[in-house]
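Structural description and commentary
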Amino acid sequence: MTSRPRKQLALILIVLLFAAPFVTAYVLNKAGWRPPATRNYGELVTPPQDLGAAKFVLADGKPLQWKDAQWSWTIFAIPGPDCATQCIAAIDELRRVRLTMNDSAERVRVVVLDTPLPPTALARLNPVESARDASGALGRLRPGPGQVAVAIAGPRGFLVMRYAPGYDANRMRKDLARLLKT
């Protein structure tokens with residue numbers, strides 16, 4: 001083999017070496033194969049559900065504002081019926097998740113929807129807010145008795161993640177930290 005064909009063969013092999021991962025990824029993607037694990041812990045809502053038209057009325061009678069400059073992300077705590085001690089503990093855990101965001105804590109608010117808890121119990125969990133889901137937009141996420149489900153909405157009012165009852169707050173905190181970086 002002369003020098004020129006050997007150089008051409010080497011160039012072709014180098015191109016094939018670098019193109020092989022892209023071709024493999026393309027073929028696997030077209031075949032519908034996805035990796036079994038993702039980085040996020042919560043269930044990603046695809047496509048994101050627009051909550052902008054939904055009506056959430058705060059305890060003071062004012063509507064929940066999505067385009068408020070002070071808040072960016074909303075954590076909705078959705079308690080089930082007959083929820084007492086378990087709900088307070090779960091909501092307090094969400095409040096602590098918010099506080100662990102340090103400088104970004106001001107960009108997160110915790111809102112408890114349609115709570116069966118007395119206002120005095122929620123007052124101790126300041127700055128947790130209480131609201132009523134007047135349009136029933138998140139009613140399908142309501143868990144069974146004695147449980148709390150969680151949903152996270154973005155700054156423009158899109159529901160992006162949800163967590164079933166029994167979620168791990170530490171892993172949810174990691175998801176929230178990733179969301180706040182965006």
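Structure shown above.
Presented here is a report on the structure given in the accompanying data block.

Conventions adopted
- Residues numbered from 1 in each chain as written.
- Predicted model: local features only at pLDDT ≥ 70, side-chain atom pairs only at ≥ 80, totals over all residues.
- Heavy atoms only, no water.
- Core = buried A, V, L, I, M, F, W, Y, C linked by side-chain atoms within 4.5 Å.
- Buried < 20%, exposed > 50% of the residue type's maximum accessible area, 1.4 Å probe, protein only.
- Helix = DSSP H or I, 4+ residues; strand = E, 2+ residues; numbered from the N terminus.
- Contact = heavy atoms within 4.5 Å.
- Axes fitted to C-alpha atoms, helices over the stretch in contact; angles between N-to-C directions.
- Parallel < 35°, antiparallel > 145°, perpendicular 65-115°, else oblique.
- Left-handed = near helix turned anticlockwise from the far one by under 90°.
- Patch = residues over 30% accessible without salt bridge, like charges linked within 9 Å, V, L, I, M, F, W, Y side chains within 5 Å.
- Areas by Shrake-Rupley, 256 points an atom, 1.4 Å probe, with all protein chains shown as cover.
- Salt bridge = Lys/Arg side-chain N within 4 Å of Asp/Glu carboxyl O.
- Expected span 1.5 Å × (residues − 1).
- Phe/Tyr/Trp six-rings, centres within 6.5 Å; stacked < 30°, edge-to-face > 60°.
- Arc of directions from axis to C-beta.
- Polar contact = N/O pair within 3.5 Å; in protein donor to acceptor, adjacent residues only side chain to side chain.

Counting 30 residues, the largest nonpolar core has I75, I91, L94, I152, Y167 and L176 as its most contacted members. Counting only elements with at least two residues in this core, the list comes to strand 3 (73-79), helix 2 (85-99), strand 4 (108-113), strand 6 (148-153), strand 7 (158-163) and helix 4 (169-181). Sequence-distant contacts of I152, that is, excluding residues within four places in its chain, are made with W73, T74, I75, F158, L159, V160, M161, Y163, L176 and L179. With 18 residues, the next largest nonpolar core counts L51, L113, A131 and A137 among its residues.

Between helix 2 and helix 4, the shortest axis-to-axis distance is 10 Å and the interhelical angle comes to 40°. Looking at the two axes, helix 2 sits oblique to helix 4. Here helix 2 and helix 4 pass one another in a crossing that is right-handed. Counting all contacts with helix 2, which are made through E93, L94 and V97, the residues of helix 4 involved are A169, M172, R173 and L176.

Right, let's talk about unusual backbone geometry for a bit. Excluding glycine, residues mostly have negative phi values, and the peptide bonds linking residues are mostly trans. At the junction of T46 and P47, the peptide bond is cis and its omega measures out at -10° in the coordinates. Note that P47 resides in strand 1 (residues 43-50). The omega torsion across N126 and P127 is 10°, close enough to zero to call that bond cis. Relative to the elements of secondary structure, P127 occurs in the loop between helix 3 (119-123) and strand 5 (129-133). The phi dihedral of N102 is positive, around 55°, even though this residue is not glycine. Among the secondary structure elements, N102 is positioned in the loop between helix 2 and strand 4. A residue is classified by how much of its surface remains accessible, and N102, at 60% relative accessible area, is exposed.

Right, let's get into a nonpolar patch on the surface. Taken together, the side chains of L9, I12, L13 and L16 make up a nonpolar region of the molecular surface, amounting to roughly 380 Å² of accessible area. Note that L13 resides in helix 1 (residues 3-30).

Let's shift gears to helix 2. Taking 1.5 Å per residue, 15 residues should reach 21 Å; helix 2 reaches 21 Å between its end C-alpha atoms and fits that length. Along helix 2, the residues that are buried comprise C87, A90, I91, D92, L94, R95, V97 and R98.

A word on the packing of aromatic side chains. Scanning all chains against the criterion turns up five aromatic pairs. Put simply, the rings of Y41, Y163 and Y167 pair up and form one aromatic cluster.

This part takes up helix 4. With 13 residues, helix 4 ought to run about 18 Å at 1.5 Å a step, and its terminal C-alpha atoms sit 18 Å apart, in line with that. Within helix 4, the full set of buried residues consists of A169, M172, D175, L176, L179 and L180. Mapping the buried residues of helix 4 onto a view down its axis gives an arc of 140°, with all of them on the same face. Residues of helix 4 that are exposed and point over 90 degrees away from its buried face: N170 and K181. In this structure, the buried residues of helix 4 make contact with strand 3, helix 2, strand 4, strand 6 and strand 7. Near the N-terminus of helix 4, the side chain that reaches the backbone nitrogen of N170, with its oxygen 3.2 Å away, is that of D168.

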